[in-house]
Amino acid sequence: MKVSQRADLGDFLRYRMNTEKRYYNIEFLRFAFAICIVYFHLLHSFMMDYTGNADLYIRLAEQSKYAKYIVECFFIISGYFLYHTIQRHPEMTTQGFIMRRIIRLWPVLACSIMISAVFFGKSIYASFVDLLFLQSSGLATDWQGLNWYVSAFFVVEIFYFVLYKCFRNSAKMKLLICMLIYFGYEININAMDGGFGRKMFHGIINLGMARAVAGIGLGYLFAIEWANFTATWKKQKQVQERTSGIEVWLIRVLEILTLSMLLIDFFCSSKAYDNQFIVIILFPVFFACLLTRRGVFSELTDHKMIGLPGRYAYSIYVMQEAVFAVLKRTLWKNTVFLHDYPVPALTVSILVTIMAGIVTYHLVERPATKVLKKRFTGLYIKNPVISEA
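Everything numeric here is computed off the predicted structure, so don't read it as measured data. (Residues numbered from 1 in each chain as written. Predicted model: local features only at pLDDT ≥ 70, side-chain atom pairs only at ≥ 80, totals over all residues. Heavy atoms only, no water.)

## A short note on the overall build of the protein
Tallying secondary structure elements over the protein gives 16 helices and two strands in all. Among the 389 residues that make up the protein, the fraction classed as buried is 49%. Put simply, 76% of the contacts in the protein that link residues at least 6 apart link residues at least 24 apart. Of the roughly 19,300 Å² that the protein leaves accessible, carbon and sulfur atoms contribute 64%. (Helix = DSSP H or I, 4+ residues; strand = E, 2+ residues; numbered from the N terminus. Buried < 20%, exposed > 50% of the residue type's maximum accessible area, 1.4 Å probe, protein only. Contact = heavy atoms within 4.5 Å. Areas by Shrake-Rupley, 256 points an atom, 1.4 Å probe, with all protein chains shown as cover.)

So this is what it looks like as structure tokens:
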């Protein structure tokens, strides 16, 4: 990352502060979650038709049936960092924010959609609609593709940015967000018998969009309250010489407990709770432990080299559908291999998807971001402080 030549001293100091506080443990978590989503989709949507109904695949699919709700964690993480993005750039205009989101999300999405349209028969009309971020918006009937998350994420982040511009994190804004969180989750839990969906609910609202509104809103509200809590906590610690050992052990216990319960829920459904709202309860607690950097998981993962793969998470997630289309026509045609060697077959499929995401990041996401930021600097984006990696 490079500091812009036109950045002033204040921007430079803000840049330094932001890079020093980078959460590599959360970056690693994003990468791990992206792989888990790929694993889920392989076992539930794409690979199973080629496995000859081998028993291991069926058992793995059943045990991981709740792993799809990792998406709720992605939404919460996004809401948290949305708040901090706004705090770092309070002068940002709505047009500037929208352009930043387009620059961040559209190139890789367009790459995946165009590959699917040109080589694998995806409808031109559906592709055009998806390129406009309308999937899962309720305005398009195509809500079943894997990239529905991107459209919901794009629309809802803009909504919360505009909400901030109107209310500036006031009590009214917090109350409104609380209501949106409640109804977003309440509609999903009751419509999906304890789960979360993305179909249209009575022709009125898309459940995927409701999930995004609730999750990003929860992450945003969590960020506000966490900032207030940590500010108070730091003042108290100025009086004390060091952090209490009891507090550190409490964080470690909570982190291990919540992570264990989440892993059991995602990958051992026979022992999981039927009402998946439990994910919404557990993950913010685990996330708070990560923010303290004091837990065991954080001590193991909060390092630059370990967090580095997090930059590939978005490309891995978005490119998986195109990669699966390639695997259907290549590796998965060898049904004997898939049936007799399920673990190697799954491993190779996941590794190919990861490699495709890494290549896409370096050939599409990163270069396109740099070019588009340079092109639109001064029009919609004012003096970008850094060139994002």
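That covers the picture; the talk isn't over yet.
## So, a nonpolar patch on the surface
Among the surface-exposed residues, Leu175, Met179, Tyr182 and Phe183 lie close enough to one another that they form a single nonpolar patch of about 440 Å² accessible area. Of note, Phe183 is situated in helix α8 (residues 171-191). Under the relative-accessibility criterion, Phe183 is labelled partly exposed at 43%. (Patch = residues over 30% accessible without salt bridge, like charges linked within 9 Å, V, L, I, M, F, W, Y side chains within 5 Å. Salt bridge = Lys/Arg side-chain N within 4 Å of Asp/Glu carboxyl O.)

## Quick notes on the pattern of salt bridges
All told, the structure shown has eleven salt bridges when counted by the stated rule. Taking the shortest distance from any N to any O, the salt bridge between Glu225 and Lys174 comes out at 3.6 Å. Of this pair, Glu225 sits in helix α9 (residues 207-239) while Lys174 sits in helix α8, and the two are 51 residues apart along the sequence. Relative accessible area serves as the criterion here: at 24%, Lys174 is assigned to the partly exposed category. For Arg252, the salt bridge identified is with Glu299, shortest N-O distance 2.8 Å. Placement of the pair is Arg252 in helix α10 (residues 245-267) and Glu299 in helix α12 (residues 296-301), with a sequence separation of 47 residues. Salt bridges sharing partners connect three or more residues here, namely Arg22, Glu27 and Arg30.

## Focus on unusual backbone geometry
A positive phi angle, close to 55°, is found at Asn53, a residue other than glycine. Within the secondary structure, Asn53 sits in the loop between α2 (24-46) and α3 (55-63). A relative accessible area of 59% means that Asn53 is categorised as exposed. Positive phi outside glycine occurs at Asn169, with the angle close to 60°. Checked against the element boundaries, Asn169 lands in the loop between α7 (148-167) and α8. On the basis of relative accessibility, which here comes to 17%, the residue Asn169 falls in the buried class.

## Overview of the packing of aromatic side chains
Applying the stated rule across the entire model yields 36 aromatic pairs. Between Phe159 and Tyr160, the ring centres sit 5.1 Å apart and the planes meet at 70°, which makes this aromatic pair edge-to-face. With 6.3 Å between their ring centres and 55° between their planes, Phe283 and Phe286 make a pair best called tilted. Remark: Phe286 and Phe283 occur in helix α11 (residues 277-292); sequence separation between them is three residues, near one turn of the helix. (Phe/Tyr/Trp six-rings, centres within 6.5 Å; stacked < 30°, edge-to-face > 60°.)

## A closer look at α7
Between its first and last C-alpha, α7 extends 29 Å over 20 residues, near the 28 Å set by a 1.5 Å rise per residue. Following α7 by one or two positions, Arg168 adopts a phi angle in the positive range, close to 55°. (Expected span 1.5 Å × (residues − 1).)

## Thoughts on the nonpolar core
Phe75, Tyr149, Tyr220, Phe283 and Phe287 are the most contacted members of the largest nonpolar core, which has 80 residues in total. Counting 27 residues, the second largest nonpolar core, distinct from the first, contains Val323, Phe324, Ala345 and Ala356. (Core = buried A, V, L, I, M, F, W, Y, C linked by side-chain atoms within 4.5 Å.)

## Section: the state of the cysteines
Applying the stated criterion across every chain, the model contains zero disulfides. Unpaired in terms of disulfides, Cys36 finds its nearest cysteine sulfur in Cys73, a separation of 10.0 Å. Judged by relative accessible area, Cys36 falls into the buried class, the value being 18%. (Disulfide = S-S within 2.5 Å.)

## Thoughts on the environment of Pro284
Positionally, Pro284 belongs in helix α11. A residue is classified by how much of its surface remains accessible, and Pro284, at 14% relative accessible area, is buried. As for Pro284 and Leu218, which are separated by 66 residues in sequence, their C-alpha atoms are 8.9 Å apart. Beyond its immediate chain neighbours, meaning those up to four positions away, Pro284 contacts Ile76, Leu218, Phe222 and Val279.

## Focus: α11
Helix length check: α11 (16 residues) gives 24 Å between terminal C-alpha atoms against 22 Å at 1.5 Å per residue, within 8%. The element α11 is largely enclosed, with a buried count of twelve among its 16 residues. Within the sequence span of α11, burial applies to Ile278, Val279, Ile280, Leu282, Phe283, Pro284, Phe286, Phe287, Ala288, Cys289, Leu290 and Leu291. Looking one or two places after α11, you find Arg293, whose phi comes out positive at around 65°.

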